[in-house]
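What follows is the residue order along each chain.
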Amino acid sequence: MPAHSRRLFALDQNFPEPIVDALSRYIEGAELVPVRRIRPELTHVFDWELLRELHVDQRPWDGLITNDDKMLALAKEMTVLSQTGLTLVVVKGQGHNPIRSTGLLLCHLEHICHQMTPGTAKVWVLAVQQKKPETAVDRLAMIAEKQTTTVAELVKKNELSPDELRKGGKT
C-alpha cells in the first residue's frame, strides 16, 4: 500500500511503544501513533472525548485502537463513534499482556485497513482463544477420511521400520 494511502490510527497507552516503534517500518498499511504523542493530555480524557478530538484534529485520523472493551457497552462512546465515522479496533481479552495484544493487532491490521470505508464508523473486536492441541492420530483420522481409507492402513503404508527409527538408521 503506498505511503499516501496508509491508514492513520491512534493507539491507546496499553500498547508497548518500543515494540510498536521497532515494528513500524514493517507495518505497511497503517501508521500507529500513541495517544500521548498526539497530545499528552488526551491520555486523561473520556473515550468519547478522545474520539471527538481525533475527528476534529488537523491530521486525517482513521480510528482508534484500544484494549478497553468496556467502551463497547457505553452509549455515549458508540454514539460519538458513529458521528465521527472513525473505526474502533478493540483488542479484547488479552489482560495485561501487551505483547499478546500487539501480536493480535498485527495479525489483523492489514485486513482491517483493506476493509475500511473512510467516514463509515466500524467496530472491530479482536479476540483469541487458547486451543487444545490435536494428536497425530486425530490428524491421521482426518487424512484417512479424506482418502477413504483407515488409520491402520495409512500407518501400515507409511510407518518406519524399527531400524529406520534408530539414530543413525537408514533413511
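Structure report, in brief. A quick note: this is a predicted structure, and the numbers were derived from the prediction, not measured. Residue positions within a chain follow its written sequence, with the count starting from 1. Residue-level local features of this predicted model are given only where pLDDT is at least 70; pairs of side-chain atoms are given and counted only at 80 or more, and the full residue set underlies all totals for whole chains, interfaces and linings. The side-chain quantities take in all heavy atoms of the structure and omit both hydrogens and water.

1. Topic: the pairing of strand S4 (residues 87–91)
- When you tally the buried positions in S4, you get 5 out of 5 residues, the bulk of the element.
- The two faces of S4 match: Thr87, Val89 and Val91 on one face and Leu88 and Val90 on the other face are all buried.
- For two strands to be treated as a pair, DSSP must find no fewer than two bridges joining them. Secondary structure elements are taken from DSSP: a helix is a run of H or I of four residues or more, a strand is a run of E of two residues or more, and numbering for both begins at the N terminus. With 4 bridges connecting them, strand S3 (residues 63–66) and S4 associate as parallel partners. The partner of Ile65 across the bridge, within S4, is Val89. Partly exposed residues are those whose accessible area sits between 20% and 50% of the maximum for their type, while under 20% is buried and over 50% is exposed, using a 1.4 Å probe and protein chains only.

2. Things to note about helix H3 (residues 47–56)
- Buried residues of H3: Asp47, Glu49, Leu50, Leu51, Glu53 and Leu54, and no others.
- Here, residues are in contact when the closest pair of their heavy atoms is within 4.5 Å. The elements touched by buried residues of H3 are strand S1 (7–11), helix H2 (35–38), S3 and helix H4 (75–84).

3. Quick word on the packing of aromatic side chains
- Two rings from Phe, Tyr or Trp (for Trp, the six-membered ring) form a pair when their centres sit within 6.5 Å of each other. Planes less than 30 degrees apart are called stacked, planes more than 60 degrees apart edge-to-face, and all others tilted. One pass over the structure, following the stated rule, counts 0 aromatic pairs.
- Both a distance and an angle decide whether a charge sits over a ring: NZ of Lys or CZ of Arg must be within 6 Å of the ring centre and within 35 degrees of the ring normal. Sitting over the face of the ring of Trp48, Lys76 holds its NZ or CZ atom 4.6 Å from the ring centroid.

4. Here's the deal with the pattern of salt bridges
- Just to be clear on terms, a salt bridge is a Lys or Arg side-chain nitrogen sitting within 4 Å of an Asp or Glu carboxyl oxygen. Taken as a whole and assessed by the stated rule, the structure comprises 10 salt bridges.
- Between Glu53 and Arg39 there is a salt bridge, and its shortest N-O distance comes to 3.1 Å. Taken as a pair, Glu53 in helix H3 and Arg39 in the loop between H2 and H3 lie far apart in primary sequence, 14 residues in all.
- Look at Glu53 and you get buried, because its relative accessible area is 18%.
- Glu53 is the salt-bridge partner of Arg52, the closest N and O atoms lying 3.0 Å from each other.

5. A word on the state of the cysteines
- The disulfide definition used here is simple: a pair of cysteine sulfur atoms within 2.5 Å. Throughout the structure, instances matching the rule amount to 0 disulfides.
- Counting only cysteine sulfurs, Cys113 is the nearest neighbor of Cys107, a cysteine outside any disulfide, at a range of 14 Å.
- Cys107 gets classed as exposed once you look at its relative accessible area, which sits at 66%.

6. Considerations on the sheet that holds S4
- Strand order in this open sheet of 5 strands is S2-S1-S3-S4-S5, and the pairing throughout is parallel. The strands lining the two open edges of the sheet, one partner per strand, are strand S2 (30–34) and strand S5 (122–126). Each adjacent strand pair in this sheet contributes to an overall mean axis angle of 20°, direction not counted.
- Two strands pair when backbone bridges link them, and S4 and S5 are joined in this way by 5 bridges, in the parallel orientation. Directly across from Thr87, in S5, lies its bridge partner Lys122. Angles shown run from 0 to 180 degrees and are taken between the N-to-C directions of axes, each axis being a line fitted to C-alpha atoms and, for helices, limited to the stretch in contact.

7. Structural notes on helix H5 (residues 98–115)
- Under the convention used throughout, the expected extent of a helix is 1.5 Å for every residue step, that is, one less than its residue count. The end-to-end C-alpha distance of H5 is 25 Å, a good match for the 26 Å that 18 residues give at a rise of 1.5 Å each.
- Listing the buried residues of H5 in full gives Ser101, Thr102, Leu104, Leu105, Leu109, Ile112 and Cys113.
- Where H5 is buried, its residues touch S1, helix H1 (17–23), S2, S3, S4 and S5.

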